[in-house]
Amino acid sequence: VVNQDTSTGGGLQSVHLAAGNDFHHLAVAATLAAGVVGVSPAVEVTVLANTTMAFVDSGATVNARNDMAVQAHAREDLVLLGFGIAAGTVGVGGSVNVLTLNNTTVASLAGTIFAGGDALVYATDDTSLTAVSGALGAGFVGVGGSQGVMIVNKNTQAFVADGTRVDARGNGTGLSGVLNGATISGGKDLGTMTANGLIVQAQSSEKVYHFSIAAAGGFVGVSGAVGVTLISSNTTAYIGVNTLINQ
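So, a few notes on the structure that sits alongside this text. Throughout, residues of each chain are indexed from 1 in the direction in which the sequence is written. For a predicted model such as this one, the threshold for reporting local features is a pLDDT of at least 70, and the threshold for listing and counting side-chain atom pairs is 80 or more; totals across whole chains, interfaces and linings nevertheless cover every residue. For side-chain calculations, the full set of non-hydrogen atoms in the structure is used, while hydrogens and water are omitted.

Brief notes about a nonpolar patch on the surface
Filter applied, for reference: Exposure above 30% relative accessible area and no salt bridge define the residues that can form patches, which grow by joining like charges within 9 Å and nonpolar side chains of Val, Leu, Ile, Met, Phe, Trp and Tyr within 5 Å. Accessibility throughout is a Shrake-Rupley quantity obtained with a 1.4 Å probe, and a residue counts as covered only by protein chains that appear here. Here a salt bridge means any side-chain nitrogen of Lys or Arg lying within 4 Å of a carboxyl oxygen belonging to Asp or Glu. Counting from the N terminus, the helices are the DSSP runs of H or I reaching at least four residues and the strands are the DSSP runs of E reaching at least two.
A surface patch of nonpolar side chains, about 350 Å² in accessible area, is lined by V36, V37, V39 and V92. Of the residues forming the nonpolar patch, the biggest block, three residues, is contributed by strand β1 (residues 15–56). With respect to the helices and strands, V36 occurs in strand β1.

As structure tokens, this is what we get:
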């Protein structure tokens with residue numbers, strides 16, 4: 001039980017529970033080969049799994065004269081660079097970039113909750129990915145090949161669990177940045193507003209730049225580049241069954 005007796009608490013008494021993960025990653029794989037026969041492969045593999053969770057569990061009782069907030073926020077900024085350069089009578093250059101990203105970000109509320117102000121359940125996951133794979137083969141026979149593969153799976157959830165009781169009086173100035181269901185800036189951004197009471201919100205964004213480049217030079221030149229990007233992003237906000245809201 002948190003704040004079992006609120007009678008002695010100040011008017012700004014609040015409960016804030018938060019989890020955050022801010023991940024930055026730079027990976028560089030580069031090779032250079034020269035000779036009568038030059039062969040230069042570069043391989044970079046990144047496998048990332050992040051779990052960020054903030055929750056009030058069932059059986060808990062939380063009271064606050066002002067606001068109650070449960071927030072989980074994740075952010076990833078990844079840059080992957082792979083280059084293979086080979087030169088010779090026969091030059092073979094190749095590069096391979098592989099990224100696998102699995103993210104789970106959850107904010108949830110259960111138990112019995114009372115807030116004299118607002119109750120917020122908020123989860124976000126913002127991802128920025130840049131991958132460049134390049135290969136150059138030069139010689140009498142030049143062969144260059146590059147391949148980049150990105151596989152991204154994200155699950156972002158904010159919810160009030162089944163059977164939870166939440167009383168949010170909504171006193172005060174409210175919470176800003178609440179999605180209002182509209183799009184602005186020609187559909188590039190989401191509209192927001194200020195709201196009071198119970199707010200359950202989940203957001204996810206992905207910015208992906210993926211380049212695969214191959215070049216070959218010589219009497220015989222062969223080059224090829226393949227880029228594959230697979231993204232599955234599930235973003236969910238909901239209130240479970242058998243809940244009591246502002247009863």
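Re the nonpolar core
Nonpolar side chains in soluble globular proteins generally cluster together in the buried interior. Which entries qualify depends on this criterion: Side-chain atoms within 4.5 Å link the members of a nonpolar core, which is a set of buried Ala, Val, Leu, Ile, Met, Phe, Trp, Tyr and Cys residues. Burial here depends on accessible area, computed with a 1.4 Å probe over protein chains only, as a share of the maximum for the residue type. Under 20% is buried, over 50% is exposed, and the range in between is partly exposed. The contact criterion used is simple: two residues touch if any of their non-hydrogen atoms lie within 4.5 Å.
Residues M68 and L109 are the most contacted members of the largest nonpolar core, which totals 23 residues. Secondary-structure elements contributing two or more residues to this core are β1, β2 (61–64), β3 (68–109), β4 (112–115), β5 (119–138), β6 (141–160), β7 (165–168) and β10 (198–217). In terms of residue count, the dominant contributor to this core is β3 (five residues). Ignoring anything within four residues of it in the chain, the contact list for M68 reads V15, V56, V62, L109, I113, A115, D118, A119 and L120. One finds L78, L99, L101 and M150 within the second-largest nonpolar core, a separate group that totals ten residues.

Regarding the pattern of salt bridges
Applying the stated criterion across every chain yields a total of four salt bridges. Salt-bridge contacts for D22 lead to R75; the nearest nitrogen and oxygen are separated by 2.6 Å. One end of the pair, D22, is in strand β1; the other, R75, is in strand β3, and 53 residues separate them in sequence. Given a relative accessible area of 46%, R75 falls into the partly exposed group. E206 is paired through a salt bridge with K154; the nearest N and O atoms lie 2.8 Å apart. With E206 in strand β10 and K154 in strand β6, this pair connects stretches of sequence that are 52 residues apart.

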